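Secondary and tertiary structure notes
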Amino acid sequence: MNKKGKSITLLVIGSLLMISSIVFLLIKINVIKTNKVDNDDIGEIGTLASNKINVILDANGGMVSKKSLSIKKGTKIGSLPTPTRSGYTFNGWYSKKSGGSVVNSSTKFNKNTTIYAHWKIEIGISLNKKNLSIKVGDSDSLKVTMVVSNVFHDVKWTSSNPKVVTVNNNGVVKGIKEGTATITVSLDNGKKASCKVTVTSKNGDVSKITLNKTNLSLIVGKSEKLNATVIPSNAKNKTIIWTSGNPKIATVDKNGKVVAIKSGTVTITAKSNNGKIATCKVTVTSKTVNVSKVTLNKTKLSLLVGKNEKLTATVTPTNATNKTIRWTSSNSKIATVDKNGKVVAIKSGTVTITAKSNNGKIATCTLVIKNSDAISSDGTINNKYFNIVTGSGVNKSIALANTKALNEAISYAHDNGIKNIKLTKGTYVVANIVNKNDPILNTAIQLKSNMNFNLNGSTIKMYPNSNAQYSIVLIYKEKNVKVYNGTLEGDRKNHTCMNGKSILDEDKRVGPDAKTKKKCLDGSKGNGTHEWGMGVRVRDSSSVEIYSLTIKEMTGDGVIVGNDQSIFPIVTKDVLVHNNEIYNCRRQGITIGRGENLKVYKNIIHNIKGTNPEAGIDVEPDGTKNYIIKTEIYNNKFSNNGVDFSSYNKLKRCTTKNEVNIIIRDNDFDCKKSHTVYLRESLRKSFTLKDNECQRIRYTGQDYVKCD
């Protein structure tokens, strides 16, 4: 091609490129005119692209560390900051400034939104003085300060002892006579403040004398100093005059030093200059006071060969002249004992250790010594050593012998500091041992403190009985105990009533609404239903864990946790019940009584039927003592029970969250039931139920126990 042809070609290509650019520009202008995309549309497109939304945090008069949160659309909002506001208590995040629904970490949003902090006004009270000193006949004023001054509340003034000090409705305090009393001012919302008032004599006289001892025992020739205290401490004349009612028995000097002279009883008197007195009764005995009794800290003891333990002897009376104890062993080839009561196990056998006073009073301890192979190094109980028989086909006498032997092995491990013990895998038939003092403590096996009891895949089976109450495993007044990894089987299939009838024949009624229930008519008040046969009973114990167990065929409950109502404060604390399967029990799968920090989770509970309330889990806050606090029930699965969760007990109207506070969450209730949760109306404020599958609540009677 010549130069002219190349030039024409380049010109054509250039022209085509220019025409293409003009067409593209015209098309872009036309699109903008016809579509009219505004800023909102562009913002929406951007939001869809990033899939993010903005949640504004409105502190509603307070202050908050974050003003907003950016989250993915349709996901949980997650952790929320806690705002602050002077004079107010934060009451949670809500969807509206006033009212609205609660917003928590699980709440989801699909668009930009604002959430609002809600507040409660703090109302309190204080006094300008915590301590006040006035003289008899004088007056002074106490002033009240409200935490929130623009809120009016009625105030009430009281004196703990109006005979000493009075107070009127304006807080004016008046001294009546010498002494102390507490003045209290209270609001109608329960807030209180107090001031301790000391009333002294106007002229500075002594109003009272006290002695450090009002009774004193001395041996002839011995001495002891009495100390007198003068009230008020700022009395002008604190001189004390000491006298003895009989100086031939005991004398006293000007400093209160008492010297025993001869046997007898005498009164020592301390007297102030204005006639106030205090006395001490002094008993003087002869130089020889004989020992009347010797006691030991242990009367039974189990030790491994080579182990040792110190016994402690106590003599009565405490003022015995000669407290010397002589220690002896009935067989020093089995065990020795030194002059301080230290016992050393030499070889297996039984021996008696004796503590004897100088005048022949004795106390004894029976010592059982076993070889180290009684319990292996990994904690396995030697069945042959303890004569424990395995297998289900045993009679009652063997079941009783097994029970005794297992408890002996447990005590033996405890006495020798063996923490981890386990069974050789097999079936162990045990019998109920009746406690004559308290049937609640009827049991087969009783665990000790600081013990991990591993069933090692074994089954412990209750021999058939006719007792209204029993437990296969009892944890009573212990701490740091675990029981796990095996099966506990009750005697439901073969349990008999005292009238000879099978308990299965008596269980004809089904459902928690039944107005009548069949009974094992044995004439025992409160025990007629025989609904108290338990797999594991935890009572007055702390730091207990029950897990990886199969518990079945109980005449009562699989597990029951509680605290003696007469014991305060609560000692049943920090109990975990988890990852168990509980089924075919008559009354409950799990019962929660009085306690603190109880956790029940990841249990499978099914086929609980036979006698009311037939609940998978039943919570029983006592109507007069209450107290189930910091307790959570979560991630449990229920099926085919009379009811999945129940709590029928009555509460006081004055019950607070500090007394009953239970959270029930994330449980899988039986969706086949019309009602899965039964609660008494008075419990509504004490239970928090959330995120439970098929949570269908039925509230019953709104009756309460009267407040004190």
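Presented here is an overview of the structure given in this document.

The rules behind these values
Residues numbered from 1 in each chain as written. Predicted model: local features only at pLDDT ≥ 70, side-chain atom pairs only at ≥ 80, totals over all residues. Heavy atoms only, no water. Core = buried A, V, L, I, M, F, W, Y, C linked by side-chain atoms within 4.5 Å. Buried < 20%, exposed > 50% of the residue type's maximum accessible area, 1.4 Å probe, protein only. Helix = DSSP H or I, 4+ residues; strand = E, 2+ residues; numbered from the N terminus. Contact = heavy atoms within 4.5 Å. Pairing = 2+ DSSP bridges. Salt bridge = Lys/Arg side-chain N within 4 Å of Asp/Glu carboxyl O. Phe/Tyr/Trp six-rings, centres within 6.5 Å; stacked < 30°, edge-to-face > 60°.

By size, the foremost hydrophobic cluster in this structure holds 67 residues, and its most contacted members are Leu447, Ile460, Val536 and Phe645. If one sorts the elements of this core by residue count, helix α4 (residues 396–415) sits on top with six residues. Apart from the residues within four sequence positions on either side, phenylalanine 645 is in contact with Ile617, Val619, Ile633, Ile664, Phe669, Thr676, Val677, Tyr678, Leu679 and Phe687. In this structure, Val220, Trp242, Val266 and Ala278 belong to the second largest nonpolar core, which totals 23 residues.

Let us look at the pairing of strand β52 (residues 660–665). Burial of the side chains of β52 is restricted to one face: Val660, Ile662 and Ile664 are buried, whereas none of Asn661, Ile663 and Arg665 on the reverse face is. The pairing of strand β49 (residues 628–634) with β52 spans five bridges and is classified as parallel. Bridging from a neighbouring strand, threonine 631 pairs with isoleucine 662 of β52. Pairing between β52 and strand β54 (residues 687–690): four bridges, direction parallel. Within β54, the position partnered with isoleucine 663 by the bridge is threonine 688.

For the structure on display, the rule yields 14 salt bridges. With a shortest N-O distance of 3.2 Å, aspartate 140 and lysine 129 are connected by a salt bridge. With a gap of 11 residues between them, aspartate 140 in strand β8 (residues 139–141) and lysine 129 in the loop between β6 (125–127) and β7 (131–135) connect regions that are remote in the sequence. For lysine 129, a relative accessible area of 27% translates into the label partly exposed. Here the salt bridges do not stand alone but share partners, grouping Lys599, Glu632, Arg665 and Asp666 into one network.

Our next topic: the packing of aromatic side chains. What characterises a pair of aromatic rings is the spacing of the ring centres plus the angle enclosed by the ring planes. Scanning the model with the defined rule gives six aromatic pairs in all. With a centroid separation of 5.6 Å and 65 degrees between ring planes, the pair formed by phenylalanine 90 and tryptophan 119 is classed as edge-to-face. Placement of phenylalanine 90 in strand β3 (residues 88–94) and of tryptophan 119 in strand β5 (residues 113–121) is noted, with a sequence separation of 29 residues between them. A relative accessible area of 25% means that phenylalanine 90 is categorised as partly exposed. A relative accessible area of 15% places tryptophan 119 in the buried class. A ring pair is formed by tyrosine 484 and tyrosine 547, whose centres lie 4.9 Å apart and whose planes are at 5 degrees; its orientation type is stacked.

Bringing unusual backbone geometry into the picture now. For residues that are not glycine, phi is negative in most cases, and the peptide bond is trans in most cases. With an omega of 0 degrees, the peptide bond running from threonine 316 to proline 317 counts as cis. The topology assignment puts proline 317 in the loop between β27 (313–316) and β28 (325–329). In this structure, proline 613 follows asparagine 612 across a cis peptide bond, with omega equal to 0 degrees. Among the secondary structure elements, proline 613 is positioned in the loop between β47 (604–606) and β48 (615–619). You will see that asparagine 597, though not glycine, has its phi angle at about 60 degrees, which is positive. Here asparagine 597 is to be found in strand β46 (residues 595–601). With phi around 55 degrees, lysine 602 is a residue other than glycine that occupies positive phi space. Mapped onto the fold, lysine 602 is located in the loop between β46 and β47. Residue class for lysine 602 comes out partly exposed when judged on its relative accessible area of 48%.

Without other data, these values stay purely geometric and don't point to any function.
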